[in-house]
Each structure stands twice: as C-alpha cells, then as structure tokens.
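Read off the chains here:
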Amino acid sequence: MYLRRGRAGRSGACPALYLLFMAALEKTFYLETFGCQMNAHDSEKVVGTLISQGYRQVPTVEEAGLVLYNTCSIRDKAEQKVFHRLADYKKLEAQGKKFGVLGCVAQQEGAKIFERAPYVSLVCGSASYRKLPEMLTQIEKAGAGKRLRITGLDDRETDECFETEFTARTNPHRGYITIIEGCDKFCSYCVVPFTRGKERSRTSESVLVEARQMADLGYTEIQLLGQNVNSYCDPQGKRTFAELLAAVGAVPGIRRVRFTTSHPRDFGKDIVEAIDVTPTLCDHVHLPVQSGSSRVLDAMQRLYNREQYLEKISWIKSARRDISMTTDVIVGFPGESQEDFEETLSLLDEVGYDGVFAFKYSPRPNTPAIRLEDAIPDAEKSRRLAVLLETQRAIQQRRNLKHLGEIVEVMVEGKNEARRQWIGRTSQNKTLNFTAPDSTGVETGGYVHVGVTTAFPNSLVGEMVI
Ligand code: 5AD
Ligand code: SF4
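As the structure is a prediction and not an experimental result, all values here were calculated from the model.

Trainee: With reference to specific residues and values, describe the environment of G197.
Mentor: Here G197 lies in the loop between α8 (192-195) and β8 (200-201). Its relative accessible area of 1% is what places G197 among the buried residues. Between the alpha carbons of G197 and V289 there is a distance of 22 Å; along the sequence they are 92 residues apart.

Trainee: Could you give an account of the packing of aromatic side chains, naming the residues involved and the relevant values?
Mentor: A full pass over the atoms with the stated rule returns 8 aromatic pairs. Between the aromatic rings of F186 and F194, the centroid separation amounts to 5.6 Å while the plane-to-plane angle is 75°, which identifies the pairing as edge-to-face. Classification of F194 as partly exposed rests on a relative accessible area of 30%. Each ring, one from Y304 and one from Y309, has its centre 5.9 Å from the other, and the planes form 35°; the classification is tilted. Neither residue differs from the other here; Y304 and Y309 are each classed as buried. Joined through ring pairs, the aromatic side chains of Y189, F333 and Y361 make up one cluster. The positively charged end of R116 is found above the aromatic ring belonging to F83, 3.8 Å away from the centroid.

Trainee: How would you explain the site of ligand 1 if you had to name every residue and give the values?
Mentor: As a structural note, the neighbourhood of ligand 1 is formed by I74, R75, Y189, Q290, D328, I330, F359, K360, Y361, S362 and R364. At a separation of 2.9 Å, an oxygen atom of ligand 1 approaches a polar side-chain atom of R75. Looking at the shell around ligand 1, its residues break down into 5 nonpolar, 2 polar and 4 charged.

Trainee: Describe in detail the sheet that holds strand β6 (residues 174-178), supporting the description with residues and values.
Mentor: With respect to topology, 3 strands assemble into an open sheet ordered β6-β9-β10, the strand pairing being parallel. Where the open sheet ends on each side, the last strands, each with one partner, are β6 and β10 (256-260). Neighbour-to-neighbour, the strand axes of this sheet turn through a mean angle of 20°, independent of strand direction. The pairing of strand β9 (residues 221-225) with β10 spans 5 bridges and is parallel. Counterpart to I222 in the pairing with β10 is V257.

Rules used throughout
Along each chain, residue indices are assigned from 1 in the same order as the chain's sequence is written. Chain labels run from A onward and ligand labels from 1 onward, assigned in the order the entries are written. Where local features are concerned, this predicted model is filtered to residues with pLDDT of at least 70; where side-chain atom pairs are given and counted, the filter is 80 or more; whole-chain, interface and lining totals use all residues. Just so you know, side-chain values use all the structure's heavy atoms and leave hydrogens and water out. Under the DSSP-based scheme used, a helix requires at least four consecutive residues in state H or I and a strand at least two consecutive residues in state E, with every element numbered from the N terminus. Buried, partly exposed and exposed residues are distinguished by accessible area as a fraction of the type maximum, computed with a 1.4 Å probe on protein chains only: under 20%, between the cut-offs, and over 50%, respectively. Between the rings of Phe, Tyr and Trp (Trp by its six-membered ring), a pair exists once the centres lie within 6.5 Å; its type follows the angle of the planes, with under 30 degrees stacked, over 60 edge-to-face, and the other angles tilted. Both a distance and an angle decide whether a charge sits over a ring: NZ of Lys or CZ of Arg must be within 6 Å of the ring centre and within 35 degrees of the ring normal. The nearness test applies per residue and asks whether one of its heavy atoms lies within 4 Å of the molecule or strand. N or O atoms within 3.5 Å of each other form a polar contact, as long as, within protein, one can give a hydrogen and the other can take it, and as long as residues adjacent in sequence are counted only when both atoms are side-chain atoms. When residue character is reported, Ala, Val, Leu, Ile, Met, Phe, Trp, Tyr, Cys and Pro are called nonpolar, Asp, Glu, Lys and Arg charged, and the others, Gly included, polar. By definition, two strands form a pair when at least two bridges between them are found by DSSP. Between N-to-C directions, angles cover 0 to 180 degrees, with each direction set by a line fitted to C-alpha atoms, over the stretch in contact for helices.

Below is the structure:
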C-alpha cells in the first residue's frame, strides 16, 4: 500500500478525505456493542470472524468501510439506542459506508429495520452469526447501495451454537466462554426466547478444551456464560453444570471461575456444594429474583414463588464459604400493587444482597405481558425504582462494613492514576480500590492481598499487605 498516514499529513491533505480514501482501499470495520455480557462476548467472536476474513478493526465510524452495531432489545431504551446511532451517522452512507445491525434488535425487527433505516445494508440476527463469513463475502460483492437482508428469523429452532476458532478477546484477563445459548423459560416479560432462540448447550468437552486454551494463553479467570446456565445439559451427558464448574475450576492455571446467569427454578444445591469444595470457584452467585411478591412472580411466569426462592438463598447462606449474592429486579410490572412492591423491598432486606440491578418494566413485542392490563404509570415506576435503589444502598453499606479489617485477595484490574489507587476485584465480585506502599509486585492481571480499611455502598478501599 503506497499511501501512509504520515505522507497524507505532510502533503497537507484533508484528514477526512484521507480517511475516506483509506476506507475505500482497505476492508475496515467499526463495531459498537450494546447490552449484556453475552452480547459483548458475541462481539468478540464477530470481531475475530471479520479479522479472519481480512478486515481491520478501526476505532471510529469515520475510518470504517463497514459500520456494525451489535444490539440489545431487552428493554425499549436499549432498542432505541441503535436507531439513534444510525440516525446520527446516516449521512455517511453517501461516502459508500455500509451499515449492519446485528444482535437481538436485528433478530426481533428483521426487515422492519430497512423501513426505518433504509441505508442499512445488512441485518443479521444473533441466531445467524455462523453465516457471517458468507454474508461478508456477499456484502463485499454487492455494489454501493445494495442491501442484504439476512435475519435467520426461523432460527429459534436452530440446534447450533456460535462456535468459532476466531475469538478476538478484548478483556486481557477475564475470558468468557459461552456454555449454553438461548432460553426456554418464556418469562412473560422477556424477549430473549424470541431473539436468542431455544436452549442449546455445548458439550462440556468443548468447553474444557476452550478453558485449557485460555489458560495456555495466560488467562487466569474464566466466566461461563448463558441466559440460563443452570439448565445446562451436556449433549454427551458427561457432566452436570456443577460438575462442569468444578472441571473448569480444576484446569491448571485457572484461579477464578464465575458464571452467569442463573435461573432460581433450576438452581441446585450441588452448585453451592461445588463452590464449597472448589477453591477456584468464586464466592458469588447472581440469582435474579425479579419480584418479592409470589403473586407478581406468578404473573411473570417465573416458575417459583417467594418461599421457594428464599429456600435457595438459605442454601447459599449456609455454605461454608461466605458467598456474595446479587440479583435483578423489575419494578412496575403490570398490576404490581404497593403491597407487592413492599414485598420486594422486604425481600431485599431479608436476603441482604450485595448488589441489585433494578429496572423499570418495559413492555416488549411478542411477550405475553404486553397484553396485561393495569399498566403502572412511568412516574410511579420511577418512584418505585428510586425507593428500591435507596433501600438497597443502605443494605449494601451494611454488607460492606462487614469486610472492614479483612484481608482479601484481589485481581488487579487497572489503576486510577488521578487517585493513585489500584483497582482490584474480590472473589465476591466487589471493587476494592487500594494503595500499595511502592507498587512492587502489583501489575494489572496479577493477584495481591489487600487489607480492607473503608467501606462504601458500592466499593471498598484498602491497603495492600505484603
Ligand atoms: N422490562 C424490564 N426489565 C427486563 N428484564 C428483562 N426483560 C425486561 C423487561 N421487559 C431484566 C430482568 C433480567 C435482566 C437481564 O433484564 O431483570 O433479569
Ligand atoms: Fe428472559 Fe426469563 Fe429466559 Fe431470563 S429466564 S432470559 S428473564 S425468559
């Protein structure tokens, strides 16, 4: 290639023109990801696939020939973001850029995306990623303005997982491994079963091969991913989920194993037992409850009631290890009364969560809950959300104060130069910012011991102990 950045700069060429020229010569792409860890990990695979096809990832839309958005449709706000983004960059289509929408919005909206954003040339739902190389070839052949429409909308029935040898891992220390895709639970508010298709598990053997490869690459922490990891079902019947956890935890070089997300209905005691006897399994369980009211749980089709959920929590609390607990909550589900809401508040207190992700109910297309009456006004949802977050803040402060004086191991995730503090993460998944007398022995990705000196609701502060 004869054109270089320096030369264009020296000749005084307009940088925008230069970028345009470069984008035309090379296969470049820009990818922005919205949503959950599953999406973030899918993006790692998409990036790897594109690089294997000769593309180069660039940090800005302006530099890219192909602009991709990996989208999320779990709540309306998440869905709107992609359309705002597309509107922002619409004018760039004239420069020959191609736009693609991937992920859950693509799966859900399909061809409607072309109506709303006609400058989009590729729509690829999350169930169709394995067709990506083929689609890329088509898109390259297609002239400017030619649109492809591939959504894999029939793929709820697919038996395949998006397995690829080309995963461009973006987190240098924590490696994600998908163990199960899709969801068969059909909670009444949730789009996931429609956007991500039916449940399909990978063999535990292939998961272990990937875990060993990651250990060889120097990763020490692995996070197993799935919409509902507890319904993991090894197609070869070799391991249960708890056994898979223990096996990943036994891979030489792996020091921490996490997993998300659990569904309370399928959460078994064997998981707590595995954590108890496998030191590498982290002291943390994320167990989304959604509501503390059995009446609302029934309307949500969650398949458990408050008492059954609390029984699972009692297993976690009676573990030999001190396991932190986090959850997801939806406020303002149709028909949620003030009494129902108060039951959620009392559940937060009874469990004593270390963290809560709380959301206002958002009606989603295709879901049964969209037909329910008694919608809660948005202002009331906001009020409940604020009350809930305030209640939880006090609970977290109380929980975190218990760590004062403890010495805990953290994985070093980075440094806050302004505060001259290192950023650490505990096995319980808490942020523990710390100072080190001199930084000898501290490096990102390494493990050190820290004495906890201060507790805030959302983080801990401490000093490294040598
Ligand atoms: N409205 C609000 N929150 C939702 N979630 C899923 N669907 C909806 C919805 N329609 C939340 C749940 C889930 C988390 C990932 O997102 O709490 O656990
Ligand atoms: Fe959605 Fe329920 Fe499946 Fe979770 S378990 S992905 S909330 S349908």
